[in-house]
Amino acid sequence: MTDLFLPDYGLYLLRKGLRPETRLVFFELPVDHLTRPALRTVSITLSTEEQGQEYAISFDFTGPRIDDLLATFPEPACEELWQWLEDPTTVGEHLQLSPAATLHTVEATLGVMQRGL
């Protein structure tokens, strides 16, 4: 990861007038890392480009959506990921994955604005 902070894609879409509840569909998302921002939440962060500008885009997975995310990984990697997620001491950690997986279709909404450090 670089130290460069990209502008947020969700905020860009909101400024363009997209409603927060609009369903967006993304295809062929590479997953080479996971982040645990909170208990029962797993995130992937990628970049996307719109009109020549690069943006950061983050996808949060909770509840049964975590099952869908982890199902993209082969065994035994899937079992190791579940062990990592069930360990409360891993909250806040980032995990690099090799080999990477691909999420073929992800449906998302803009969600609610969150502020971090």
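Our subject in this report is the structure included herewith.

Parameters at a glance
Residues numbered from 1 in each chain as written. Predicted model: local features only at pLDDT ≥ 70, side-chain atom pairs only at ≥ 80, totals over all residues. Heavy atoms only, no water. Buried < 20%, exposed > 50% of the residue type's maximum accessible area, 1.4 Å probe, protein only. Helix = DSSP H or I, 4+ residues; strand = E, 2+ residues; numbered from the N terminus. Arc of directions from axis to C-beta. 1 Å grid on protein atoms, 1.4 Å probe; cavity = no way out; pocket = protein on both sides within 12 Å on 5 of 7 lines; lining within 4 Å. Points joined across faces, edges and corners; volume = space filled by probe spheres on them. Nonpolar A, V, L, I, M, F, W, Y, C, P; charged D, E, K, R; others polar. Salt bridge = Lys/Arg side-chain N within 4 Å of Asp/Glu carboxyl O.

1. Overview of helix α3 (residues 77–86)
Think of an α-helix as turning once every 3.6 residues; residues three or four places apart then point the same way.
Now for step 1: By the burial criterion, the buried members of α3 are Cys-78, Leu-81, Trp-84 and Leu-85. Here the buried residues of α3 occupy an arc of 115° about the axis, which is enough to place them on one side. Opposite its buried face, α3 presents the exposed residues Glu-80 and Glu-86, each directed more than 90 degrees away.

2. Topic: the layout of surface pockets
Now for step 1: Its boundaries defined by the atoms lining it, the second largest pocket holds a volume of some 180 Å³.
Now for step 2: Elements represented by at least two residues in the lining of the second largest pocket include exactly α3 and β4 (94–108).
Now for step 3: Here the lining of the second largest pocket is built from residues that sort into 10 nonpolar, two polar and one charged.

3. Structural notes on the pattern of salt bridges
Now for step 1: Across all of its chains, the model carries two salt bridges by this definition.
Now for step 2: For the salt bridge of Arg-19 with Glu-21, the shortest nitrogen-to-oxygen distance reads 2.6 Å.
Now for step 3: Taking relative accessible area as the criterion, Arg-19 reaches 53% and is therefore assigned exposed.
Now for step 4: Assessed through its relative accessible area of 46%, Glu-21 is described here as partly exposed.
Now for step 5: Across the pair Glu-107 and Arg-23 runs a salt bridge, and its minimum N-O distance is 3.3 Å. Here Glu-107 is found in strand β4, whereas its partner Arg-23 is found in the loop between α1 (9–15) and β1 (24–38), with 84 residues between them in sequence.
Now for step 6: Since its relative accessible area comes to 58%, Arg-23 is described here as exposed.

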